[in-house]
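# Tertiary structure, described
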Amino acid sequence: DQQVKQNSPSLSVQEGRISILNCDYTNSMFDYFLWYKKYPAEGPTFLISISSIKDKNEDGRFTVFLNKSAKHLSLHIVPSQPGDSAVYFCAASEGTSYGKLTFGQGTILTVHP
Amino acid sequence: NAGVTQTPKFQVLKTGQSMTLQCAQDMNHEYMSWYRQDPGMGLRLIHYSVGAGITDQGEVPNGYNVSRSTTEDFPLRLLSAAPSQTSVYFCASSYSGQGFGGNTIYFGEGSWLTVV
């Protein structure tokens with residue numbers, strides 16, 4: 001049973017436009033959500049996170065929105081740049097994680113110049 | 001500052017062979033964990049450790065052993081390799097005292113394992 005789902009395997013956008021990556025979860029005990037970015041042949045790197053007590057968190061070009069009632073979160077990248085092309089993973093944890101994350105399947109983002 | 005170091009980067013094993021994936025971190029992190037990444041599955045937790053001498057199972061522990069004799073090292077052992085263990089393996093480490101924050105989880109660069 002996939003507790004964190006990213007239903008779009010891939011997304012293609014034009015440079016300068018907005019990229020919106022979506023993530024759904026089923027476990028209501030999750031209280032912390034993260035987005036990781038991964039380039040080929042590298043490990044995931046942290047991008048942005050949000051606690052369940054918030055509905056929005058912003059960091060530069062990246063904004064994460066959380067809709068707890070819908071168990072849905074999204075990552076907005078504005079404006080998108082070719083260097084943003086990577087695999088994006090949504091992840092979630094409950095309570096004190098001890099480094100335990102539940103990941104979605106990932107979405108491949110391609111930003112065209 | 002090396003961060004999280006995994007070895008080997010690439011390995012081909014025959015079915016039934018055993019091997020150990022090494023993981024070391026130099027950040028004095030208490031928490032360490034191993035994930036595997038498979039196509040269409042994201043990353044799944046294999047085993048984790050909250051400190052030296054303490055380990056526990058994650059989501060997909062079967063076929064793997066871990067031990068944590070020091071804070072720095074967290075090796076992952078494949079006891080009898082099977083083709084289903086063909087995957088990319090990531091080691092990760094994180095702080096404990098700050099509460100949970102994603103930016104304190106550091107991943108290694110990955111180990112590509114093929115079992116034939």
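Residues numbered from 1 in each chain as written. Chains lettered and ligands numbered in written order. Predicted model: local features only at pLDDT ≥ 70, side-chain atom pairs only at ≥ 80, totals over all residues. Heavy atoms only, no water.

### Details of the overall build of chain B
Formally: For helices the rule is a DSSP run of H or I covering at least 4 residues; for strands it is a run of E covering at least 2, with both sets numbered from the N terminus onward. Based on C-alpha atoms, the radius of gyration is set beside the globule rule, defined as 2.2 Å times the residue count to the power 0.38. The classification of residues rests on relative accessible area computed with a 1.4 Å probe and restricted to protein chains. Under 20% of the type maximum is buried, over 50% is exposed, and intermediate values are partly exposed.
Secondary structure assignment for chain B yields zero helices and eleven strands. In chain B, the order of α-helices and β-strands from amino to carboxyl end is β-β-β-β-β-β-β-β-β-β-β. The globule rule puts the C-alpha radius of gyration for 116 residues at 13 Å, and the 14 Å found for chain B is close to it. Once the C-alpha set of chain B is aligned to its principal axes, its extents read approximately 40 × 30 × 25 Å. Looking at the 116 residues of chain B, the share that counts as buried comes to 49%.

### Describing the interface of chain B and chain A
Here is the rule: Here a residue-residue contact requires only that any non-hydrogen atoms of the pair lie within 4.5 Å. Two parts placed together each lose some accessible area under a 1.4 Å probe, and adding up what both lose gives the buried area. Any carboxyl oxygen of Asp or Glu within 4 Å of a side-chain nitrogen of Lys or Arg constitutes a salt bridge here. Contacts described as polar in this section are N or O atom pairs within 3.5 Å, which, within protein, must combine one atom able to donate a hydrogen with one able to accept it, while residues neighboring in sequence count only if both atoms come from side chains. In the scheme used here, Gly and all other residues not listed as nonpolar or charged are polar, with Ala, Val, Leu, Ile, Met, Phe, Trp, Tyr, Cys and Pro taken as nonpolar and Asp, Glu, Lys and Arg as charged.
With 23 residues of chain B at the contact, the number on the chain A side is 22 residues. Across the chain B to chain A interface the summed buried area is about 1800 Å²; carbon plus sulfur atoms make up 66%. Our enumeration of links across chain B and chain A arrives at zero salt bridges. Seen at the junction of chain B and chain A, the total is three residue pairs in polar contact (both at pLDDT 80 or more). Of all elements in the fold, only β4 (31–38), β5 (42–51), β9 (87–94) and β10 (105–107) of chain B reach the threshold of two or more residues within the side of chain B that touches chain A. Top element by residues in the side of chain B that touches chain A is β5 of chain B. It accounts for five residues. For the side of chain B that touches chain A, the class distribution of residues is twelve nonpolar, nine polar and two charged.

### Considerations on the sheet that holds strand β1 (residues 4–7) of chain B
Residue and element names in this part refer to chain B. Heads up, the rule is: Strand pairing is assigned whenever DSSP identifies at least 2 bridges connecting the two strands. Lines fitted to C-alpha atoms define the axes, with helix axes restricted to the stretch in contact, and inter-axis angles between N-to-C directions lie between 0 and 180 degrees.
Ordered by their spatial adjacency, four strands build an open sheet running β1-β3-β8-β7, and the pairing between neighbours is antiparallel. Pairing within the sheet leaves two strands with one partner each, and these edge strands are β1 and β7 (64–66). This sheet shows a mean twist of 20° between the axes of neighbouring strands, independent of strand direction. With three bridges connecting them, β7 and strand β8 (residues 76–78) associate as antiparallel partners. Its bridge partner lying in β8, N65 is registered against R77.

### Looking at the confidence of the model for chain B
This is how the line gets drawn: The predictor rates its confidence in each residue with pLDDT, a number between 0 and 100.
Summing up the model confidence of chain B, the mean pLDDT is 91 and the portion of residues at 70 or higher is 91%. No element of chain B has a lower mean pLDDT than β10 of chain B, at 87, and none a higher one than β8 of chain B, at 98.

### Quick notes on the pairing of β1 of chain B
Within a regular strand, side chains alternate between the sheet's two faces. Residues and elements named next belong to chain B. Taking every second residue as pointing to the same face, the buried face of β1 carries V4 and Q6, while none of T5 and T7 on the other face is buried. Across four bridges, the pairing between β1 and strand β3 (residues 19–25) is antiparallel. Bridging across to β3, Q6 finds its partner in C23.

### Describing the nonpolar core
Heads up, the condition is: To define a nonpolar core, start from buried Ala, Val, Leu, Ile, Met, Phe, Trp, Tyr and Cys residues and group those joined through side-chain atoms within 4.5 Å.
Ranked by size, the top nonpolar core spans 23 residues in total, and within it F33, W35, L73, L75 and Y88 of chain A carry the most contacts. In terms of residue count, the dominant contributor to this core is strand β9 (residues 86–93) of chain A (four residues). When neighbours within four sequence positions are excluded, L75 of chain A is seen to be in contact with S19, I20, L21, W35, L47, I48, F62, T63 and Y88 of chain A. If you look at the next biggest cluster of nonpolar residues, it comprises 20 residues, including M27, L76, A81 and V115 of chain B.

### Re the environment of G108 of chain B
Here G108 of chain B is to be found in the loop between β10 and β11 (111–115). For G108 of chain B and V4 of chain B, which are 104 residues apart along the polypeptide, the C-alpha to C-alpha distance reads 4.8 Å.

### Thoughts on a nonpolar patch on the surface
Residues and elements named next belong to chain A. Keep this limit in mind: Put simply, a patch holds well-exposed residues, over 30% relative accessible area, that have no salt bridge, with like charges counted together within 9 Å and Val, Leu, Ile, Met, Phe, Trp or Tyr side chains within 5 Å. Working definition of accessibility: Shrake-Rupley area with a 1.4 Å probe, residue cover restricted to the visible protein chains.
Where nonpolar side chains cluster on the molecular surface, the patch consists of I18, I20 and V78 and spans about 220 Å² of accessible area. Turning to its location among the elements, V78 is positioned in the loop between β8 (72–77) and β9. Classification of V78 as partly exposed rests on a relative accessible area of 42%.

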